[in-house]
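Fold and geometry: a report
What follows is each chain in one-letter form.
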Amino acid sequence: MKCGKVREFESELYEEIKRQISRDCGIEITVCRTEVGGVCDDCRKKQAGN
Ligand SMILES: [Zn+2]
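Let me sum up the structure you'll find in this document. (Residues numbered from 1 in each chain as written. Predicted model: local features only at pLDDT ≥ 70, side-chain atom pairs only at ≥ 80, totals over all residues. Heavy atoms only, no water.)

Details of a nonpolar patch on the surface
Residues Leu-13, Ile-17, Ile-21 and Ile-27 make up a contiguous nonpolar surface patch of about 360 Å² in total accessible area. Mapped onto the secondary structure, Ile-27 falls in the loop between helix H1 (12-25) and helix H2 (41-49). (Patch = residues over 30% accessible without salt bridge, like charges linked within 9 Å, V, L, I, M, F, W, Y side chains within 5 Å. Areas by Shrake-Rupley, 256 points an atom, 1.4 Å probe, with all protein chains shown as cover. Salt bridge = Lys/Arg side-chain N within 4 Å of Asp/Glu carboxyl O. Helix = DSSP H or I, 4+ residues; strand = E, 2+ residues; numbered from the N terminus.)

In structure tokens, the structure reads:
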């Protein structure tokens, strides 16, 4: 949230969740977006220094 740094995140668990949603809802997922915001390590250090 502070510096606007964006990271891609991938994991087996995330793929499994998508498969489960696809199965349970009977849809084929073509777009999947999950947004997580926070303060990264660098910005936390800067905050601590102030
Ligand atoms: Zn940051």
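Observations concerning the environment of Glu-28
The residue Glu-28 is located in the loop between H1 and H2 in this model. The spatial distance from the C-alpha of Glu-28 to the C-alpha of Lys-18 is 9.5 Å, given a sequence separation of 10 residues.

Describing the coordination of the zinc ion
Here the zinc ion is held by the protein donor atoms Cys-3 (SG), Cys-40 (SG) and Cys-43 (SG), which lie 2.2 Å from it. In terms of primary sequence, the donors binding the zinc ion are separated according to C-x36-C-x2-C. Taken together, the positions of Cys-3 in the segment before H1 and Cys-43 in helix H2 put the pair 40 residues apart, joining distant regions of the chain. (Donors = N, O, S within 2.8 Å, 3.2 Å for Na, K, Ca; no water.)

A short note on the layout of surface pockets
In this structure, the largest pocket encloses a volume near 810 Å³. Taken together, 21 residues form the lining of the largest pocket, with Val-6, Arg-7, Thr-34, Glu-35 and Val-36 sitting closest to its centre. The residue makeup of the lining of the largest pocket, split by class, is nine nonpolar, four polar and eight charged. (1 Å grid on protein atoms, 1.4 Å probe; cavity = no way out; pocket = protein on both sides within 12 Å on 5 of 7 lines; lining within 4 Å. Points joined across faces, edges and corners; volume = space filled by probe spheres on them. Nonpolar A, V, L, I, M, F, W, Y, C, P; charged D, E, K, R; others polar.)

Some remarks on the pattern of salt bridges
Applying the stated criterion across every chain yields a total of four salt bridges. The closest approach of N and O atoms between Asp-41 and Arg-44, which form a salt bridge, is 2.5 Å. Here Asp-41 and its partner Arg-44 are both found in helix H2, three residues apart, which amounts to about one turn of the helix. Among the residues examined, Asp-41 registers a relative accessible area of 44% and is labelled partly exposed. Classification of Arg-44 as partly exposed rests on a relative accessible area of 44%. (Buried < 20%, exposed > 50% of the residue type's maximum accessible area, 1.4 Å probe, protein only.)

Topic: H1
Taking 1.5 Å per residue as the helical rise, H1 with its 14 residues ought to reach 20 Å, and the 20 Å between its terminal C-alpha atoms agrees with that figure. Count one or two residues on from H1 and you reach Gly-26, which has phi positive near 65°. (Expected span 1.5 Å × (residues − 1).)

Treat this as a map of the structure, not an account of what it does.
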